[in-house]
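An overview of the molecular structure
Spelled out, the chains give:
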Amino acid sequence: MTIKNYINGEFIDPVDGNYIDNFNPSIGEVYGQIPNSSIEDVELAYKAAKEAFPIWSKTTLEERSRILLKVADLITDKLDFLAEAETKDNGKPLSLAKTIDIPRASSNFRFFANAITQFPSEAHESVGLNAMNFTLRHPIGVVGCISPWNLPLYLFTWKIAPAIAAGNCVVAKPSEVTPMTAYLLGEICNEAGLPKGVLNIVHGLGQTTGQAIVEHQSIKAISFTGGTATGAHIARTAAPMFKKLSLELGGKNPNIIFSDADYDEMLATTVKSSFANQGQICLCGSRIFVEETIYEKFKKDFVNKVSKLKVGNPFDADTNLGALVSKPHLEKVKSYIDIAEKEGGKILFGGKKVTVLGSENGYYLQPTVIEIQDNSCKLNQEEIFGPVVTIMPFKTEEEVLEYANDVSYGLSATLWTNNLNRTMRMTQELQAGIVWVNTWLLRDLRTPFGGVKASGVGREGGFEALRFFTEPKNICIKY
Ligand code: NDP
């Protein structure tokens, strides 16, 4: 299957005819080709977006909303088809693609279709000065959206939906590792009646295609989700050009468990927050800290539950963990398990590649639980982004707070306790953009989403995203 670029509502070959391989990670084989787009392709996409902007930015909110709702409906109508495409491209269990990834992509469009009709602007009366201020919020123009491979359509649409709802036109690039559902989104946008050029999707490598979007003189804002090193590189490139930047980056999230938590619920959720999507979610709780009094019990019960997870072909209904996204990523994750052994970590479960019958070349790894002694070890300081968690006991609230915050990242944290005062104290102190208490990954799309420290700059979600994708202008009238 050959994917094409989606520019000005049409599916076209890259200008210089270059393609790269697209892999199916569950069998470890090439199953298609994607454009290796160059600066010229990005320029074509930019021109289409620029041409569409004057009309799209003046299109009524009702009309924009109507089209976005249609996109949402079509994603829902094609749920099975899109979920199968996502699983083939990414290796995640089909059950997950069907219940999380694709429904959320639809919700992203539905949410911002509604949000734009409710997005307010402010007025400030300068009392005593006979002046009235009001703030206009205009779309920025042509904006760039760049997304990663772990939640392909979910995160791609999380950027595109608010960008176009706010009246911008978009040049977007999905990860070259998982381009398929982004490609299919182009077809859906045409079917929904999205005007030509409002959304343009160029496929290719980060360092060339992505870089060309970031470097483009006239693309005025970049919304990026991906690794911290890439985010830093993008900031270095875009900041001197005075582009608006939203950077959603890596995480190394603590999962803090006190003995007074609801044990069974905590245990079941902790298995999910450790290994959902093969641990390839930026919000996974990869550093588990357990209060000393229940540490041995937790260790036994957790390992027991993890040992029952089935690693298998992602299309099988009973699979809990599918394939990792690529061979280089599998090797990277595995290298951390090797480091753990050298650093004195004790592998309580897993650590080995898995051979799945009938899919022998797929990129499978056991869910891995490693007991560590020291939060400063590499395993607890660097993002692994795979099915690997560490566990470690703590004695006091102060001690665990120090562990939780002693890391360069600050995306999310999970706290398990039924003590209200402790909850209030700790949620104030945890250095993270999102803190979940007695739950994980419960998302309300109106809330601000993003990280602190090396986990990023800016917030997505709700009106935060609409603020990012608009430029405020204050009008001051003296009377
Ligand atoms: P990368 O940073 O490698 O890539 C993200 C995107 O950026 C891809 O589309 C990539 O293209 C592109 N890219 C790479 N280099 C450049 C460049 N120089 N200029 C412009 N674009 C570029 O991240 P991964 O895809 O490996 O995703 C995993 C990371 O994403 C993890 O660190 C994870 O924590 C983070 N993440 C953060 C989330 C958050 O909300 N905070 C959510 C999900 C993931 P290509 O793939 O073709 O190289």
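Residues numbered from 1 in each chain as written. Predicted model: local features only at pLDDT ≥ 70, side-chain atom pairs only at ≥ 80, totals over all residues. Heavy atoms only, no water.

Considering the overall build of the chain
- In terms of helices and strands, the chain carries 15 helices and 24 strands.
- At 23 Å, the chain has a C-alpha radius of gyration in line with the 23 Å of a compact globule built from 479 residues.
- Principal axes of the C-alpha set define a box for the chain whose edges measure 70 × 65 × 40 Å.
- Counting every position in the chain, which comprises 479 residues, the buried fraction comes to 58%.
- Put simply, of all contacts in the chain between residues at least 6 apart along the chain, 73% involve residues at least 24 apart. (Helix = DSSP H or I, 4+ residues; strand = E, 2+ residues; numbered from the N terminus. Rg over C-alpha atoms; globule rule 2.2 N^0.38 Å. Buried < 20%, exposed > 50% of the residue type's maximum accessible area, 1.4 Å probe, protein only. Contact = heavy atoms within 4.5 Å.)

A short note on empty space enclosed by the protein
- Using the criterion set out here, one finds four cavities of 30 Å³ or more in the structure.
- Lining the largest cavity are 15 residues, with Gly279, Ile281, Cys284, Ser286 and Phe385 positioned closest to its centre. (1 Å grid on protein atoms, 1.4 Å probe; cavity = no way out; pocket = protein on both sides within 12 Å on 5 of 7 lines; lining within 4 Å. Points joined across faces, edges and corners; volume = space filled by probe spheres on them.)

A closer look at the UniProt feature "active site" (unreviewed entry) in the chain
- With numbering matched to this structure, UniProt assigns "active site" (unreviewed entry) to Glu248.
- Assignment of secondary structure puts Glu248 in strand β11 (residues 244-248).
- According to the relative accessible area criterion, Glu248 is buried, its value standing at 3%.
- Discounting residues that sit within four places of it in the chain, Glu248 has contacts with Phe224, Thr225, Gly226, Phe449, Gly450, Gly451, Ser455, Gly458, Arg459 and Glu460. (UniProt positions renumbered as here; feature names shortened; annotations may be inferred.)

Examining the packing of helix α13 (residues 397-405) against helix α14 (residues 420-429)
- Running from N to C, α13 and α14 point in directions that differ by 30°, and their axes come no closer than 11 Å. On the basis of their axis angle, the class for α13 and α14 is roughly parallel. Here α13 runs over α14; the crossing is right-handed. Residues Glu397, Val400, Leu401 and Asn405 of α13 touch α14, and the partners they reach there are Arg422, Arg425, Met426 and Glu429. (Axes fitted to C-alpha atoms, helices over the stretch in contact; angles between N-to-C directions. Parallel < 35°, antiparallel > 145°, perpendicular 65-115°, else oblique. Left-handed = near helix turned anticlockwise from the far one by under 90°.)

Here we look at unusual backbone geometry
- Phi angles above zero are rare outside glycine, and Asn8 is one such case at about 55°.
- Position of Asn8 among the secondary structure elements: in the loop between β1 (5-7) and β2 (10-12).
- On the basis of relative accessible area, Asn8 is assigned to the partly exposed category, the value being 32%.
- Despite not being glycine, Asn438 shows a phi value in the positive range, around 60°.

Comments concerning the domain arrangement of the chain
- Domain assignment breaks the chain into domain 1 (5-249 + 455-478) and domain 2 (254-444).
- Using only C-alpha atoms to locate each centre, domain 1 and domain 2 end up separated by 30 Å.
- Contacts between the two partners involve 26 residues from domain 1, matched on the other side by 27 residues from domain 2.
- Counting each side, the surface lost to burial between domain 1 and domain 2 is near 2100 Å², with a carbon and sulfur contribution of 59%.
- Summed over the shared surface of domain 1 and domain 2, the number is zero salt bridges.
- Across the contact surface, domain 1 and domain 2 share nine residue pairs in polar contact (both at pLDDT 80 or more).
- Here the residues of the side of domain 1 that touches domain 2 are counted per class, giving 11 nonpolar, 10 polar and five charged. (Domains from an automatic or database assignment. Buried area = accessible area lost by both parts, 1.4 Å probe. Salt bridge = Lys/Arg side-chain N within 4 Å of Asp/Glu carboxyl O. Polar contact = N/O pair within 3.5 Å; in protein donor to acceptor, adjacent residues only side chain to side chain. Nonpolar A, V, L, I, M, F, W, Y, C, P; charged D, E, K, R; others polar.)

Topic: helix α6 (residues 180-192)
- The end-to-end C-alpha distance of α6, which contains 13 residues, comes to 19 Å, matching closely the 18 Å that a straight helix rising 1.5 Å per residue would cover.
- With respect to burial, α6 is a largely interior element, 10 of its 13 residues being buried.
- Those residues of α6 lying buried are Met180, Thr181, Ala182, Tyr183, Leu184, Leu185, Gly186, Ile188, Cys189 and Ala192.
- Note on α6: the residue one or two positions beyond its end, Gly193, has a positive phi of about 85°. (Expected span 1.5 Å × (residues − 1).)

Things to note about the site of the ligand
- Near the ligand lie 32 residues; those nearest to it are Glu176, Thr230, Leu249, Cys282 and Glu383.
- The separation between an oxygen atom of the ligand and a polar main-chain atom of Gly206 is 3.1 Å.
- In the environment of the ligand, an oxygen atom lies 3.4 Å from a nitrogen or oxygen atom belonging to the backbone of Gly226.
- Calculation on the ligand without its partners gives an accessible area of 900 Å², and the protein chains cover 89% of this total.
- Of all the cavities here, the one that holds the ligand is the largest pocket. (Near = heavy atom within 4 Å. Areas by Shrake-Rupley, 256 points an atom, 1.4 Å probe, with all protein chains shown as cover. Sits in = over half its atoms within 2 Å of the grid points.)

Section: the pairing of strand β3 (residues 19-24)
- With six bridges connecting them, β3 and strand β4 (residues 29-35) associate as antiparallel partners. The residue bridging Asn22 from the neighbouring strand is Gly32, located in β4.
- The hairpin formed by β3 and β4 contains four residues between the paired strands, and Gly28 there has a positive phi angle of roughly 65°. (Pairing = 2+ DSSP bridges.)

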